[in-house]
Each structure stands twice: as structure tokens, then as C-alpha cells.
Amino acid sequence: AIIAGTMAAKKTHDLIPFCHPLGVESVKIKVQATGSNSIEIECTVRVTGKTGVEMEALMGASTAALTVYDMWKAVSHDM
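Just so it is clear, the model here is predicted, and its values are computed rather than measured.

Engineer: Would you mind going over helix α1 (residues 2-10) in detail, with residue names and values included?
Structural biologist: Among the residues of α1, those classed as buried are Gly5, Thr6, Ala8 and Ala9. Along the long axis of α1, the arc covered by the buried residues comes to 165°, so they all point the same way. Exposed positions of α1 whose direction lies more than 90 degrees from the buried face are Ile3 and Met7. Those residues of α1 that are buried lie in contact with α2 (12-15), β1 (26-35), β2 (38-46) and α3 (54-73).

Engineer: Give a description of the nonpolar core that names residues and reports values.
Structural biologist: Generally speaking, a soluble globular protein has its nonpolar side chains buried in company with each other. The biggest cluster of nonpolar side chains holds 9 residues, and these are Ala9, Val24, Val27, Ile29, Cys43, Val45, Val53, Ala57 and Ala64. Secondary-structure elements contributing two or more residues to this core are β1, β2 and α3. Ignoring any residue separated from it by four or fewer positions in sequence, one finds Val53 in contact with Leu22, Val45 and Val47.

Engineer: Just give me the short version of the confidence of the model for the protein chain, but keep the residues and values in it.
Structural biologist: Mean pLDDT over the protein chain: 93, with 100% of residues reaching 70 or higher. Mean pLDDT across the secondary structure elements of the protein chain bottoms out at α2, with 94, and peaks at α1, with 97.

Engineer: Break down the pairing of β2 for me, citing the residues and quoting the values.
Structural biologist: Bridging between β1 and β2 involves 9 bridges; their strand directions are antiparallel. When the sheet's bridge partners are listed, Ile29 is paired in β2 with Cys43. Linkage of β1 to β2, two consecutive antiparallel strands, is achieved through a turn of 2 residues.

The rules we used
Residues numbered from 1 in each chain as written. Predicted model: local features only at pLDDT ≥ 70, side-chain atom pairs only at ≥ 80, totals over all residues. Heavy atoms only, no water. Buried < 20%, exposed > 50% of the residue type's maximum accessible area, 1.4 Å probe, protein only. Helix = DSSP H or I, 4+ residues; strand = E, 2+ residues; numbered from the N terminus. Arc of directions from axis to C-beta. Contact = heavy atoms within 4.5 Å. Core = buried A, V, L, I, M, F, W, Y, C linked by side-chain atoms within 4.5 Å. pLDDT = per-residue confidence, 0-100. Pairing = 2+ DSSP bridges.

Okay, structure coming up:
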């Protein structure tokens, strides 16, 4: 999930129309269990330029979440 989220954050400009490519310097994704049936995902993106990176962070976090779901559905369909 961390690798998938990192890759997605770096490819946001290919996936979201009108997002321009950025020189992403760092993507950090943390995934941790917060309960018996919940997780928390945090994605932090850094660039040097004067631009926002919220779309990259959202793309990274959402792709990490989708990857976790995809892996867990193989274990249990009761999600």
C-alpha cells in the first residue's frame, strides 16, 4: 500500500485532468491500525516550488487505502 500510494502521488498529473506535473521530492505514507476494524492513512508530500501538493497527497492516501482494501478482500469478504 505504501509503494502504491507513493507511485500514485508521483503520477497525479497523469491521472487528474489539469494537474500539472510537479518535481515531487518526498512522499511519506504511514498506515496504522487504529482499532480492530479501522486504519489510519497519512500521506505527506513535499516540493521545493511555490505550489500546493494537496492533490498529490490525496491521490497517495486514497490509492494506499484502495490497495489495503484490495489485499484484505482476499482474506475476508466480510468487510
